[in-house]
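Here is how the chains run, residue by residue.
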Amino acid sequence: MVSRTVGTGGVAALGAVVLSLLTVPAHAAPTAGPDTTELRKTLRTALSQGAPGAFARIDDNGKVHHLAEGVADRSTKRALGTGDRIRVGSVTKTFTAVVLLQLVDEGKIKLDTSVNTYLPGLLPDKKITVRHVLSHRSGLYDYANTLFSPSVAGFEKVRNKVFTYRQLMDLSLAEPLTNKPGASYAYSNANFVVAGMLIEKITKKPVATAYQDRVIKPLKLADTFYVHPKNTIPGTHSRGYMTADSTGKKIDSTQQTTSWAQSAGGLVSGAKDLNKFMSALVQGKLTSAAGLKEMLKWTPVNSTQAYGLGLRRRDLSCGVSVYGHTGTVQGYYTWAFTSKNGKRSVTSFANTSNNSTVYATVNRTLESTFCG
């Protein structure tokens, strides 16, 4: 989610593609069991490519698979486990979208109404709707491109900084729109800053309260927290290690406010919680049926990916489509995806970032999990 600086999927490197909004039927549900042998091999490959640790937790219709390799802490050599809490980056966007869809269900906001109706004067084009921001079709510039160029020096400048939403939007609005509202998909963290502002304006409470009351408590998520503006992770957690741009040195990036992300990427969670969340979402336990249908209206991203409302669809080689989100903050790569029926879910993780080779490797855990 750090856009171009990580050189990975799910970010601005995907580019703006002028494609129409489509509702694409989901492919088949997985039938074969997960290939845990291949998963283990994939995690070990990630370690050979520079990740201190990597894991995958699969919840498969009542059966749980735990696979973990490497260390959570390079100093103490403590082994990484699937129970470690992690910074989940842009997986936060799905939580944010769920809250807004609940507000739609309650009649407090409408998807196809201008953002400026709720936040007067915020955006430069009144044609930008709530739906546009949730589907990354607003054209708002991704301020992360400015903050993290170069990536390490940029991170050190903001590691302990606390931004307001308005300051983040000022960074975005300092640049022109990248496309006309609704014209194309173009990933931008600014969209989910706007979403956070909408939540706080409508509920008249901090976004942290919305997550807690509307998602965390109802699902009894024991490892999920919105810690902003604190720069620490509570409880047993994996440390994060960002790879330096030129030297390849591993920089401990655990301590950070993630204030540059907030409602676009500020949550801490765990694999068990993320699997439970994604499963509950597609099974209709968090929104109305109509709300879920809106989330599953897809804008194509490329030949194997599409984006709904705060939700990704990945089309795998075996004809299975899975739903969820990826997440990147400095030192943390996360994948959280579930099957169409929500019965098989996986959270995969590597405690590194700024390493496109590791990203591509751990991305393959989806194939092993859902294609067998």
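Structure's up top.
These numbers were taken from a predicted model, which means no experiment stands behind them.

Asker: Summarise the sheet that holds strand β6 (residues 250–252); cite the residues concerned and give the values.
Answerer: An order of β6-β5-β14 is seen for the 3 strands of this open sheet, with the pairing classed as mixed. Each edge of the open sheet is held by one strand with a lone partner, namely β6 and β14 (352–353). Sheet topology note: the strand β5 (residues 241–243)/β14 ladder contains 2 bridges and is parallel. Within β14, the position partnered with Met 242 by the bridge is Ser 353.

Asker: Describe the side chain of Asn 355, and please don't skip the residues or the numbers.
Answerer: For Asn 355, the location among the structural elements is in the loop between β14 and α12 (356–363). On the accessibility criterion, Asn 355 (11% relative accessible area) is buried. A distance of 3.0 Å separates the side chain of Asn 355 from the backbone nitrogen of Val 358, its partner in a polar contact. Non-local contacts of Asn 355, meaning those with residues more than four positions away in its chain, are made with Gln 49, Gly 50, Thr 243 and Tyr 333.

Asker: How would you sum up helix α1 (residues 36–48)? Please name residues and give values.
Answerer: Every α-helix winds through 3.6 residues per turn, so residues three or four apart in the chain are directed the same way. In a regular helix each residue adds 1.5 Å, so 13 residues correspond to 18 Å; α1 covers 19 Å between its end C-alpha atoms and thus fits that length. Every buried residue belonging to α1 is among Leu 39, Thr 42, Leu 43 and Ala 46, and all of these are buried. Down the axis of α1, the buried set is contained in an arc of 95°. They therefore lie on one face. Turned more than 90 degrees away from the buried face of α1 sit Thr 37, Lys 41 and Ser 48, all of them exposed. Phi for Gly 50, located one or two positions after α1, is positive at around 120°.

Asker: Quick rundown of the pattern of salt bridges? Include the residues and the values.
Answerer: Applying the stated criterion across every chain, the model contains 17 salt bridges. Among the salt bridges present, the one from Glu 69 reaches Arg 40, with a minimum N-O distance of 3.0 Å. In this pair, Glu 69 is assigned in strand β2 (residues 63–70) and Arg 40 in helix α1, connecting sequence segments 29 residues apart. Note that Asp 60 is salt-bridged to Arg 344, the shortest N-O span being 3.1 Å. Of the two residues, Asp 60 is situated in strand β1 (residues 53–60) and Arg 344 in strand β13 (residues 344–350); the sequence distance between them amounts to 284 residues. Accessibility assignment for this pair places Asp 60 and Arg 344 in one class, buried.

Asker: For the state of the cysteines, give the residues involved together with the corresponding values.
Answerer: Enumeration according to the criterion identifies 1 disulfide in this entry. Through a disulfide, Cys 318 is tied to Cys 371; the S-S separation comes to 2.1 Å. Between Cys 318 and Cys 371, the disulfide has an S-S torsion of -75° and is therefore left-handed. In this pair, Cys 318 is assigned in the loop between β10 (312–315) and β11 (321–329) and Cys 371 in the segment after α13 (365–370), connecting sequence segments 53 residues apart. According to the relative accessible area criterion, Cys 371 is buried, its value standing at 19%.

Asker: Before we move on, can you summarise the pairing of β10 with the specific residues and values?
Answerer: Burial along β10 is two-sided: the face carrying Arg 312 and Arg 314 and the face carrying Arg 313 and Asp 315 are both buried. Looking at chain direction, strand β9 (residues 305–307) and β10 are connected through 3 bridges and run antiparallel. Its bridge partner lying in β10, Gln 305 is registered against Arg 314. What sits between β9 and β10 in their antiparallel hairpin is a turn of 4 residues, with Gly 310 showing a positive phi close to 65°. Two strands pair when backbone bridges link them, and β10 and β11 are joined in this way by 4 bridges, in the antiparallel orientation. Bridging across to β11, Arg 312 finds its partner in Gly 324. Here β10 hands over to β11 after 5 residues, with Gly 319 in that stretch at a positive phi of 90°.

Each value, and the rule that gives it
Residues numbered from 1 in each chain as written. Predicted model: local features only at pLDDT ≥ 70, side-chain atom pairs only at ≥ 80, totals over all residues. Heavy atoms only, no water. Pairing = 2+ DSSP bridges. Helix = DSSP H or I, 4+ residues; strand = E, 2+ residues; numbered from the N terminus. Buried < 20%, exposed > 50% of the residue type's maximum accessible area, 1.4 Å probe, protein only. Polar contact = N/O pair within 3.5 Å; in protein donor to acceptor, adjacent residues only side chain to side chain. Contact = heavy atoms within 4.5 Å. Expected span 1.5 Å × (residues − 1). Arc of directions from axis to C-beta. Salt bridge = Lys/Arg side-chain N within 4 Å of Asp/Glu carboxyl O. Disulfide = S-S within 2.5 Å.

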